[in-house]
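Analysis of the macromolecular model
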Amino acid sequence: MNPPARRLDRTLLVILIAIAALIVIALIIVFTRGGPTALDPATPEGVVQGYSTAVIDGDHDAAFEYLAPELREECAGFDPVYTENMRVVLIEVTEHGDSADVRVSLVTSYEGGLFGSSSSETQETFELVTSGGEWAISTVPWALAICPGSAGF
């Protein structure tokens, strides 16, 4: 009668080791997942990613550098932008030679409320032009506009 009990103990031990290994693998995956993949900063979508990241991080000086020279000249100061719990999701990029449109989804999450958490989503378009051989933003969606007059309405 000892052999069946011993076999059951080994089977249970193998199952427990397998479960522990899966938990360790899952934890490694969760904790090593970084932020979004950085896009090529020489592309329209990379410029929009850099600008959006700077605005969301509150680094207006860095965001300012992504704007086309015409917008920089018009910028008299920085407007406060509400970006708490905002995500920017790339939808589509359309290039037209020296200009490009980058369509994004702006998703803002809100906590609380009568029915729990909620979110809002809008689709907006950044317009870009080439300036000195590099892409620069010529029109910014209103929700991410840091300079008065830079938002395209």
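Before reading further, recall that the structure is shown in the block above.
Now for a quick tour of the structure. This is a predicted model, so every value here is computed, not measured.

Looking now at the overall build of the protein chain. For the protein chain, the helix and strand inventory stands at four helices and four strands. Order of helices (α) and strands (β) in the protein chain, N terminus to C terminus: α-α-α-α-β-β-β-β. Looking at the 153 residues of the protein chain, the share that counts as buried comes to 27%. Long-range contacts, defined here as pairs at least 24 residues apart, represent 48% of the contacts in the protein chain between residues at least 6 apart. Put simply, the protein chain shows about 10,300 Å² of open surface, and 58% of that area lies on carbon and sulfur atoms.

All right, on to a negative patch on the surface then. Taken together, Asp57, Asp59, Asp61 and Glu65 make up a surface patch of like negative charges. Here Asp61 is to be found in helix H3 (residues 60-64). Note on Asp61: relative accessible area 54%, which makes it exposed.

A word on the nonpolar core. Soluble globular proteins: nonpolar side chains tend toward being buried together. Tyr51, Leu67, Phe126, Leu128, Ile137, Val140 and Leu144 are the most contacted members of the largest nonpolar core, which totals 26 residues. If you list the elements that add at least two residues to this core, you get helix H2 (44-56), H3, strand E2 (99-110), strand E3 (118-131) and strand E4 (134-139). Broken down by element, the residue count for this core peaks at five residues, all from H2. If we skip the residues at most four places from it in the chain, Phe126 touches Val48, Tyr51, Ser52, Ala100, Asp101, Val102, Val104, Ile137, Thr139, Val140, Pro141 and Leu144.

What follows deals with the pairing of strand E1 (residues 86-95). Looking at chain direction, E1 and E2 are connected through nine bridges and run antiparallel. Note that in E2 the partner of Arg87 across the bridge is Val107. Two successive antiparallel strands, E1 and E2, enclose a turn made up of three residues, where Gly97 displays a positive phi of approximately 75°.

What counts and what doesn't
- Residues numbered from 1 in each chain as written.
- Predicted model: local features only at pLDDT ≥ 70, side-chain atom pairs only at ≥ 80, totals over all residues.
- Heavy atoms only, no water.
- Helix = DSSP H or I, 4+ residues; strand = E, 2+ residues; numbered from the N terminus.
- Buried < 20%, exposed > 50% of the residue type's maximum accessible area, 1.4 Å probe, protein only.
- Contact = heavy atoms within 4.5 Å.
- Areas by Shrake-Rupley, 256 points an atom, 1.4 Å probe, with all protein chains shown as cover.
- Patch = residues over 30% accessible without salt bridge, like charges linked within 9 Å, V, L, I, M, F, W, Y side chains within 5 Å.
- Salt bridge = Lys/Arg side-chain N within 4 Å of Asp/Glu carboxyl O.
- Lys, Arg positive; Asp, Glu negative; His and termini not counted.
- Charge placed at Lys NZ, Arg CZ, Asp CG, Glu CD.
- Core = buried A, V, L, I, M, F, W, Y, C linked by side-chain atoms within 4.5 Å.
- Pairing = 2+ DSSP bridges.

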